[in-house]
Amino acid sequence: MMGNSIKGLSIQSFMRRVGRIMLIILSDLIALILVTVGVLLAWSPGKPKPFLNEKGKVLSSSISEKIHININGVKQGMFIKSRNKENPVLLFIHGGPGMPEYFLTQSYPVRLEDYFTVCYWEQRGAGLSYSSDLPPETLTVEQLISDTLEVTNYLRKRFNREKIYLMAHSWGSFIGIQAAARAPEMYSAYVGMAQVSRTLESEKLAYKYMMEQYRTAGDKRMVQKLEKFPIAKIGFVPNSYRSLRDEAMHKLGIGTTHTMTSVISGIFLPSWKCPEYTLREKINLWRGKWSPCSTNLWNQMITTDLTAKVPKLDIPVYFFHGIYDYTCNYALAKDYFEKLSAPSKGFYTFDHSAHSPLFEEPEKIQHILQKDVLAGMSNIADTK
């Protein structure tokens with residue numbers, strides 16, 4: 001009897017000790033969650049930063065706002081920024097699909113606002129424009145082209161401009177160049193950065209390059225992962241391959257930027273630090289990115305040969321492309337440019353960039369915009 005009592009007390013003592021340990025762990029976990037939420041809230045006031053003069057006063061000619069307007073029946077958000085709202089108007093169409101880029105301007109100051117009144121529109125279903133109530137059937141390439149034209153008309157009317165400039169990046173260039181082809185009368189010029197051309201062929205070339213590089217480096221682990229997705233043989237890009245693709249590209253410096261080795265440190269964390277979004281808007285940014293609708297848009301782009309769909313533009317055309325870009329293959333973009341018919345055009349190679357010259361070599365971008373794009377020239381474009 002005594003032994004059983006002692007044994008019972010020992011078990012009870014052990015369980016109490018386990019309970020105390022679990023309580024401590026739970027308390028620490030709750031404290032960590034509260035601290036994390038507190039930090040995120042502190043980082044997320046959600047107000048756009050104004051432009052200030054040397055005395056710390058708001059520039060009277062400037063504009064810095066975050067607004068939502070009705071575009072084709074759906075509430076959509078955008079940032080409009082300029083040090084002087086009398087400057088020419090530029091609509092920036094972000095990549096993705098479903099991934100706005102405005103938050104990256106905090107890590108990579110691009111200074112477009114010095115030369116333009118810039119609208120960073122966040123597309124239907126993305127970022128500021130994300131809504132769980134958005135019917136999936138309304139998120140199509142055709143709808144986004146129509147939205148682009150409607151945003152253009154909003155900007156033309158608001159700032160009293162007959163024409164505006166259009167700059168589109170990656171996925172954005174897929175819908176942007178089609179919008180420019182349909183309504184050239186609304187645009188002064190089209191700037192395609194990391195211009196989409198033949199996406200499936202680009203993916204095959206990227207896969208081949210990555211396999212060669214990782215085999216040469218002796219990275220058997222990455223080679224084995226890639227071998228599960230023989231893109232050239234199967235003739236399409238599985239959705240399950242895309243996260244691996246991003247990881248493999250960034251490790252080789254052929255992804256978002258030439259120096260960005262990780263999506264987590266280069267994109268994910270900066271998105272949570274940008275103070276001009278509320279915490280809810282930051283959550284929605286990633287909900288839009290991971291939405292099945294975004295995957296459907298990407299699949300539509302994969303199956304389209306843009307060189308055949310848009311062989312001609314009736315406005316000046318400028319392509320900005322990083323030499324290390326395998327997300328939208330450099331050689332394919334150059335081939336598209338050479339075949340594209342336009343009244344004037346210029347191709348600009350960025351020797352230190354991968355997929356995002358605007359963020360990687362902003363000074364060169366600014367120089368080209370001032371000397372060529374705004375002047376309607378191509379004097380400093382690449383020589384053939």
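Computed from a prediction, not measured in an experiment: that's the story for all the values here.

## Things to note about the pattern of salt bridges
Opposite charge on two side chains allows them to pair when their charged atoms are near. If you walk through the whole model with that rule in mind, you get 13 salt bridges. For the salt bridge of K66 with E281, the shortest nitrogen-to-oxygen distance reads 2.9 Å. Of the two residues, K66 sits in strand β1 (residues 63-71) while E281 sits in helix α10 (residues 279-289), which places them 215 residues apart along the sequence. With its nearest N and O atoms 2.8 Å apart, the salt bridge here joins E142 to R182. Of the two residues, E142 sits in helix α3 (residues 141-158) while R182 sits in helix α4 (residues 171-182), which places them 40 residues apart along the sequence. The class for E142 is partly exposed, based on a relative accessible area of 42%.

## What about the layout of surface pockets?
For the largest pocket, the calculated volume is near 1000 Å³. Around the largest pocket sit 49 residues that line it, and G96, R242, R245, D246 and K289 are the ones nearest its centre. Contributing elements (two or more residues each) for the lining of the largest pocket: α5 (199-217), α8 (242-252), α9 (263-273), α10 and α11 (292-302). It is α8 that contributes the most residues to the lining of the largest pocket, eight residues altogether. Considered class by class, the residues forming the lining of the largest pocket number 18 nonpolar, 22 polar and nine charged. Of the voids in this model, the second largest pocket is the one considered here, and its volume is about 360 Å³. Around the second largest pocket sit 16 residues that line it, and K81, Y102, T105, E113 and E276 are the ones nearest its centre. Each residue belonging to the lining of the second largest pocket can be placed in one class, and the counts come to seven nonpolar, two polar and seven charged.

## Describing the packing of α5 against helix α6 (residues 220-227)
α6 packs onto α5 with a crossing angle of 150° between their chain directions and a minimal axis gap of 8 Å. By the angle between their axes, α5 is roughly antiparallel relative to α6. Viewed along their axes, α5 and α6 form a crossing whose handedness is left-handed. Contacts from Y207, M210, M211, Y214 and R215 of α5 reach α6 at M222, V223, L226 and E227.

## What to know about the packing of aromatic side chains
Taken as a whole, this structure holds 22 aromatic pairs when the rule is applied. Their ring planes at 40° and their centres at 5.7 Å tell us that Y108 and F359 sit as a pair that is tilted. With Y108 in the loop between α2 (104-107) and β4 (117-121) and F359 in helix α14 (residues 357-360), the pair connects residues that are 251 residues apart, well separated along the chain. You can call Y108 partly exposed: its relative accessible area is 22%.

## Some thoughts on the packing of α5 against α8
With their axes 11 Å apart at the nearest point, α5 and α8 run at an angle of 60° to one another. One way to sum up the angle between α5 and α8 is to call them oblique. As for the relative orientation of α5 and α8, their crossing is left-handed in sense. Contacts between α5 and α8 involve E203, A206, Y209, M210, Q213 and Y214 on the former and, on the latter, R245, E247, A248, M249, K251 and L252. A class-by-class count of the residues in the contact of α5 with α8 yields seven nonpolar, one polar and four charged.

Rules used in this analysis
Residues numbered from 1 in each chain as written. Predicted model: local features only at pLDDT ≥ 70, side-chain atom pairs only at ≥ 80, totals over all residues. Heavy atoms only, no water. Salt bridge = Lys/Arg side-chain N within 4 Å of Asp/Glu carboxyl O. Helix = DSSP H or I, 4+ residues; strand = E, 2+ residues; numbered from the N terminus. Buried < 20%, exposed > 50% of the residue type's maximum accessible area, 1.4 Å probe, protein only. 1 Å grid on protein atoms, 1.4 Å probe; cavity = no way out; pocket = protein on both sides within 12 Å on 5 of 7 lines; lining within 4 Å. Points joined across faces, edges and corners; volume = space filled by probe spheres on them. Nonpolar A, V, L, I, M, F, W, Y, C, P; charged D, E, K, R; others polar. Axes fitted to C-alpha atoms, helices over the stretch in contact; angles between N-to-C directions. Parallel < 35°, antiparallel > 145°, perpendicular 65-115°, else oblique. Left-handed = near helix turned anticlockwise from the far one by under 90°. Contact = heavy atoms within 4.5 Å. Phe/Tyr/Trp six-rings, centres within 6.5 Å; stacked < 30°, edge-to-face > 60°.

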